[in-house]
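Each chain, written out:
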Amino acid sequence: MVVITTDPFMEQQSAIHVKRIESDRSLQSSEDVLTITGPQGRINRAMWGPLNKTIISAGEDATIRIWDAETGKLLKESDPETGHQKVITAMAKSADGSHFITGSHDKSAKLWDIRTLQMLKTYTTERPVNAAAISPLLDHVVIGGGQEASQVTMTSTRAGKFEAKFFHKIFEEEIGGVKGHFGPINALVFNPDGRSFSSGGEDGYVRVHFFDSDYYHIKV
Amino acid sequence: MADVEEAPHSMVPPGTAVEEEQPRIQLNIDWGNVDLDSIVLPPGDDMGIKSDDEEEEEETLETDTGFGNVIIVDNLPVVASEKYEKLEGVIRKIFGQIGVITPNGLLMPRDESGKTKGYAFIEYSTPQEAQTAREQTNGYKLDRSHVFVVNMFDDYDKYMKVPDEWNSPEIKPYTPGENLVAWLTDDRGRDQFVIRFGSETEVYWNNASQGKPDPVYHRTFWTESFVQWSPLGTYLATIHRQGAAVWGGEKSFNRLMRYIHPQVKLIDFSPGEKFMVTYSSHEPSSHRDTQRVTLMVFDVRSGKVLREFKGSADDFATGGTGGIAGVSWPVFQWAGGRDDKYFARIGKNAISVYETDTMGLLDKKSLKVENVVDFCWSPTDPLLSLFVPEGGGGNQPARVSLVSIPSREELRQKNLFSVSDCKMYWQSNGEYLAVKVDRYTKTKKSTYTGFELFRVKERDIPIEVLELENKNDKIIAFAWEPKGHRFAIIHGDSPRPDISFYSMKGRVTKLTTLKGRQANALYWSPLGRFIILAGLKAYNGQLEFYNVDDLETMATAEHFMATDVDWDPTGRFCSTSVTSVHQMENGFNIWSFQGKLLYRLPRDRFFQFLWRPRPPTLLTPEDEAEIAKNLRKYSKKYEADDLARSLEGTERDTENRRKLVDEWKSWVAQWKAAQEEEKEERYILRDGVPSDTEEDYEAEEVEVEEIINIEEEVVAFGFDNQD
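Residues numbered from 1 in each chain as written. Chains lettered and ligands numbered in written order. Predicted model: local features only at pLDDT ≥ 70, side-chain atom pairs only at ≥ 80, totals over all residues. Heavy atoms only, no water.

Under an unreviewed UniProt entry, chain B has the name Eukaryotic translation initiation factor 3 subunit B and belongs to Physcomitrium patens. Word for word, the UniProt comment on chain B under Sequence similarities (unreviewed entry) is "Belongs to the eIF-3 subunit B family." According to the UniProt record, the Subcellular location (unreviewed entry) comment for chain B reads "Cytoplasm". (UniProt positions renumbered as here; feature names shortened; annotations may be inferred.)

By the naming in an unreviewed UniProt entry, chain A goes by Serine-threonine kinase receptor-associated protein and is assigned to Physcomitrium patens. The heading Sequence similarities (unreviewed entry) in the UniProt record of chain A holds the text "Belongs to the WD repeat STRAP family."

## Remarks on the overall build of chain B
What chain B contains, in helices and strands, is six helices and 43 strands. The buried share among the 723 residues of chain B stands at 43%. In chain B, once contacts between residues fewer than 6 apart in sequence are set aside, the share between residues at least 24 apart is 46%. Working note: accessible area of chain B is about 41800 Å², and carbon and sulfur atoms make up 50% of it. (Helix = DSSP H or I, 4+ residues; strand = E, 2+ residues; numbered from the N terminus. Buried < 20%, exposed > 50% of the residue type's maximum accessible area, 1.4 Å probe, protein only. Contact = heavy atoms within 4.5 Å. Areas by Shrake-Rupley, 256 points an atom, 1.4 Å probe, with all protein chains shown as cover.)

## Re the pattern of salt bridges
Inspection of the entire model under this criterion finds 35 salt bridges over all chains. Linking K107(A) and D604(B) is a salt bridge whose minimum nitrogen-to-oxygen distance equals 3.3 Å. Of this pair, K107(A) sits in the loop between β9 (99-104) and β10 (108-113) while D604(B) sits in the loop between β42 (597-602) and β43 (606-611), which puts the two residues in different chains. Of the residues examined, K107(A) reaches a relative accessible area of 16% and is grouped as buried. Residue class for D604(B) comes out partly exposed when judged on its relative accessible area of 41%. Close ionic contact of E308(B) with K310(B) constitutes a salt bridge, the shortest N to O distance being 2.8 Å. You can call K310(B) partly exposed: its relative accessible area is 48%. (Salt bridge = Lys/Arg side-chain N within 4 Å of Asp/Glu carboxyl O.)

## Section: the sheet that holds strand β6 (residues 64-68) of chain A
Sheets are built from strands paired through backbone hydrogen bonds, the pairs being either parallel or antiparallel. All names here are of chain A. Pairing is antiparallel in the open sheet, where four strands are placed in the order β4-β5-β6-β7. Edge positions in the sheet fall to β4 (43-48) and β7 (74-77), since each has one partner strand and no second. Averaged over all pairs of adjacent strands, the angle between their axes in this sheet comes to 20°, without regard to strand direction. (Pairing = 2+ DSSP bridges. Axes fitted to C-alpha atoms, helices over the stretch in contact; angles between N-to-C directions.)

## Things to note about the pairing of strand β3 (residues 34-37) of chain A
Residue and element names in this part refer to chain A. Burial of β3 is one-sided: the residues L34 and I36 facing one way are buried, the residues T35 and T37 facing the other way are not. In the sheet, strand β2 (residues 15-19) pairs with β3 via four bridges, with the strands oriented antiparallel. If you follow V18 over to β3, its bridge partner there is L34.

## Here we look at the nonpolar core
All names here are of chain B. Within the largest apolar cluster, 21 residues are counted, with the highest numbers of intra-cluster contacts made by I71, V73, I91, F95, I122, Y124 and F148. Secondary structure elements with two or more residues in this core: β1 (70-74), α1 (81-96), β2 (101-107), β3 (120-124), α2 (127-137) and β6 (149-152). It is α1 that provides the largest number of residues to this core, a total of five residues. In this structure V73 touches F95, G118, Y119, A120, I122, F148, V149 and V150, once residues within four positions along its chain are discounted. (Core = buried A, V, L, I, M, F, W, Y, C linked by side-chain atoms within 4.5 Å.)

## Observations regarding the interface of chain B and chain A
With 21 residues of chain B in contact, the opposing surface of chain A contributes 29 residues. Where chain B meets chain A, there are three salt bridges. The interface formed by chain B and chain A contains five residue pairs in polar contact (both at pLDDT 80 or more). The set of elements that each furnish at least two residues to the side of chain B that touches chain A consists of β42 and α6 (631-685) of chain B. In terms of residue count, the dominant contributor to the side of chain B that touches chain A is α6(B) (twelve residues). (Polar contact = N/O pair within 3.5 Å; in protein donor to acceptor, adjacent residues only side chain to side chain.)

## Topic: the confidence of the model for chain B
All names here are of chain B. In this model, chain B carries an average pLDDT of 81, and 86% of its residues clear a pLDDT of 70 or more. Ignoring residues within four places in sequence, the model shows residues 14-25, a span with pLDDT below 50, making 13 contacts including any to other chains. Counting interchain partners and residues more than four positions distant, the pLDDT-below-50 stretch residues 45-63 has 25 contacts. Reported confidences for the modelled complex are a pTM of 0.68 and an ipTM of 0.77. (pLDDT = per-residue confidence, 0-100.)

## Some words on the sheet that holds β6(B)
Residues and elements named next belong to chain B. Pairing is antiparallel in the open sheet, where four strands are placed in the order β2-β3-β1-β6. Two strands lie at the open edges of the sheet, namely β2 and β6, each paired on one side alone. Strand-to-strand, the axes of this sheet are offset by a mean angle of 20°, without reference to chain direction. Note: β1 against β6, four bridges, orientation antiparallel. Of the residues in β6, the one forming a bridge with D74 is V149.

## Let's talk about the pairing of strand β14 (residues 266-269) of chain B
Residue and element names in this part refer to chain B. Sheet topology places β14 next to strand β15 (residues 275-282); four bridges connect them, and they run antiparallel. Bridging from a neighbouring strand, L266 pairs with Y279 of β15. Between the end of β14 and the start of β15, which pair antiparallel, lie five residues, with E273 showing a positive phi angle near 65°.

## Some thoughts on the packing of aromatic side chains
Within the structure shown, the criterion is met by 47 aromatic pairs over all chains. Their ring planes at 75° and their centres at 5.5 Å tell us that F193(B) and W611(B) sit as a pair that is edge-to-face. Here W611(B) lies in strand β43 and F193(B) lies in strand β7 (residues 192-197), a separation of 418 residues in the sequence. Exposure remark for F193(B): the relative accessible area of 0% places this residue in the buried category. Looking at W611(B), the relative accessible area reads 8%, which means it is buried. Their ring planes at 45° and their centres at 4.9 Å tell us that W334(B) and F343(B) sit as a pair that is tilted. On the basis of relative accessibility, which here comes to 9%, the residue W334(B) falls in the buried class. Here a set of aromatic residues connected by ring pairs shows up, and it is made of Y425(B), Y432(B), F451(B), F478(B), W480(B), F487(B) and Y502(B). Positioned above the aromatic ring of Y216(A) is the side chain of R195(A), whose terminal nitrogen or guanidinium carbon lies 5.4 Å from the ring centre. Taking NZ or CZ as reference, R657(B) lies 4.6 Å from the ring centre of F171(A), over its face. (Phe/Tyr/Trp six-rings, centres within 6.5 Å; stacked < 30°, edge-to-face > 60°. Lys NZ or Arg CZ within 6 Å of the ring centre and 35° of its normal.)

## A few points about unusual backbone geometry
All names here are of chain B. Following I405, the chain continues into P406 via a peptide bond in cis, with omega recorded as 5°. Following the sequence through the fold, P406 ends up in the loop between β25 (398-404) and β26 (409-416). A positive phi angle is found at N349, which is not glycine, with a value near 60°. Examined against the element boundaries, N349 turns out to sit in the loop between β19 (342-347) and β20 (350-355). Given a relative accessible area of 32%, N349 falls into the partly exposed group. Here I461, not a glycine, exhibits a phi torsion of approximately 45°, which is positive. Its location among the elements puts I461 in the loop between β29 (447-455) and β30 (463-467).

## A short note on the UniProt feature "repeat: WD" (unreviewed entry) in chain A
Mapped onto the present numbering, the UniProt feature "repeat: WD" (unreviewed entry) falls at residues 36-77, 81-122 and 178-208 of chain A. In residues 178-208 of chain A, helix accounts for 0% and strand for 61%; the two terminal C-alpha atoms are 11 Å from one another.

## Focus: helix α3 (residues 153-160) of chain B
Buried residues of α3(B): F153(B), D154(B) and D155(B), and no others. Along its buried surface, α3(B) packs onto β1, α2 and β6 of chain B.

This is the structure in structure tokens:
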């Protein structure tokens, strides 16, 4: 089974679609197993919850929703007061799937419990967030972002200053940043072994960074 | 019988037969028939934002009677009914010019014989028009024997309500006020600052050693536009629809006083904090007139209005080369020192100096100076410097004069020739006055600049002339060293101008010139000796921290897109901020005076950063010398203090950390428990393969051979072609 999201287009509302992928391609149908509508605006991210019982979605209306994967019923919603205030652009699970991080244009990223949708942590940055990831190895999260080129009226003459910021997951404190991109960062992901990470940005570059030995001994 | 029917007043519901009731006010209106409740007052425009003043009674323009836009004109001629219409026409013409009279808004009552009673009621469309009409027509001479006496309808109402018996006012028990200067006794000697961002206002202690500020007070919608400290730092003033308010106190900020001035836009304190001047401007009643401005002078402590100035914007605009649209603030400049004795403003061909004792013109007349365009008080003494441009078609030279108040004696004067413009700069101790003079070259095609330097505190006030080495250099900035004898000039035409430092000791001498700096603004430390050469706006926030004693750069730094630079009142720290002129990167940085970045606070929609001013020191120069001598002893004590505090800080931090880690661990434990329970289910989902941990995955190398294509091709063995 796969989960897909579609954008609002013409008269169609944005929706979440669950489709079954047949191992025999000749039997593949294009019908939805389940269609979920409700969120306003684009749904930017959707993923499966533990045991594939739930689907978690997040998007332009800054609300995270947990849906029942079989009936499509809305089970939980994030609190608009404490949750994100602007469009959510990024969502990624932890390695063990117990919690996930979301990033938003409100310049913050938040950590959530995947079952209860309780907000665990908040990390604030100075730029709208486009990508976030949780380290599978240490208690770190990485957040990347930057202002869209179309919105910038004053160009920064500082090249290579868009950085991927590392935060301590529990203390919510910034522990460092990795510079290199000269455009906003749009994608971040850790290597499953936790010893390197990759970032992709609007500048058209994909960068792969391997951590040096000091990284594993960072003391906050 | 009711004369009202012939000219029915809009107050009365149409069609009502109205009878006169003698003992009532001579208004010919039966109050019983008038439904006051049906009169709808204009709704408030507070946009749903809760204002502090809603808790108490507001003094608003609308009055209880709802007749705020009605005036009563007395002393009209008593005419017979034949002349009634003519008189009515005259009245309508006179009063209709000032504002819009509502339909049926002109009522001139007549007695039984048809003669007019000698007074009339006029209703305008707005209360402002009525006020203006009253001001303008009160005292108007219709003819020799009829001078209009005009009053607001509401005034009558008010006076009628005065009780016949006089009750002596209650004596309120004395409650001692709070210690308003308590912030100065901070044992760590920190300074406060206030920031405005979004709708928030926050006051912090500058905790430089801890690397983050300590909050003092925070309030949303505290002010409707900006905040302003009083010059000695005692009060913080806020602006509201109904006027201004000041706040202060020992631990927190309580409202100390309100100043009623509807729609106030700007405020200014006197240097000794005794008085406050507020300014508002209003749309004129007819669009031919200029803006009307109102200035009020309040006593800060009691909130009483001491004097009101009303007029058109023209009266208060600084006359000058090339008329200015609007008024430059502050309109009234206060004399130097903290006595708050005199304040002055420029007018047409005169400088009006007022004294605060009487709130009237000093000696009841202004200082007449033909063509004066600019003036400045000395910061420390009651001494004015003024500038008169060239006059008489070039026959009269321009001149700069120093005039002493109250004697009006001209202490010094200098004539200047070929002057195109002039600007005056006083040094903070009133010791020196620099006059930047732009002169035309012989061809009148361009200007060059020179400085006239007055040594004000020396006998006979000698003047020295200074010209730059390159006379044609444009002057970008000029600044005196506060409390010192030096000044700095940014000059040059290229994108990287030069900065020169001069000293007034002995004869004016140049100390050094720094070439090719990215700077367009000078910020001296308030105690002198150090200066920040800042490149704002186009230079995007370049900062150079320069030591003028040793003539060397201490540090260069950058605060990208910085728009403002502010020193704290002690000269130890300075802040650079990015205000909401820019969309991104709003917030401020705090630096040490040597140029080390201590901390920064990003805040979106950032408007203001203001250090809280300090009153001047109470130490005598001898005290200060003694402290400087024993500095080592004092600094040891403070260092120990700082160390103790930082240890305490880290202890608290580690406590916090431990708590967070424990919380997290317990949450993880919860999760793990849940995971265990679900292990069974996961097993099934994954087709019976235990795969919860990475190690369970087996990487299997499988070779897959896929036959893509089999083709047979006969290749001929060309034995014949072999060589």
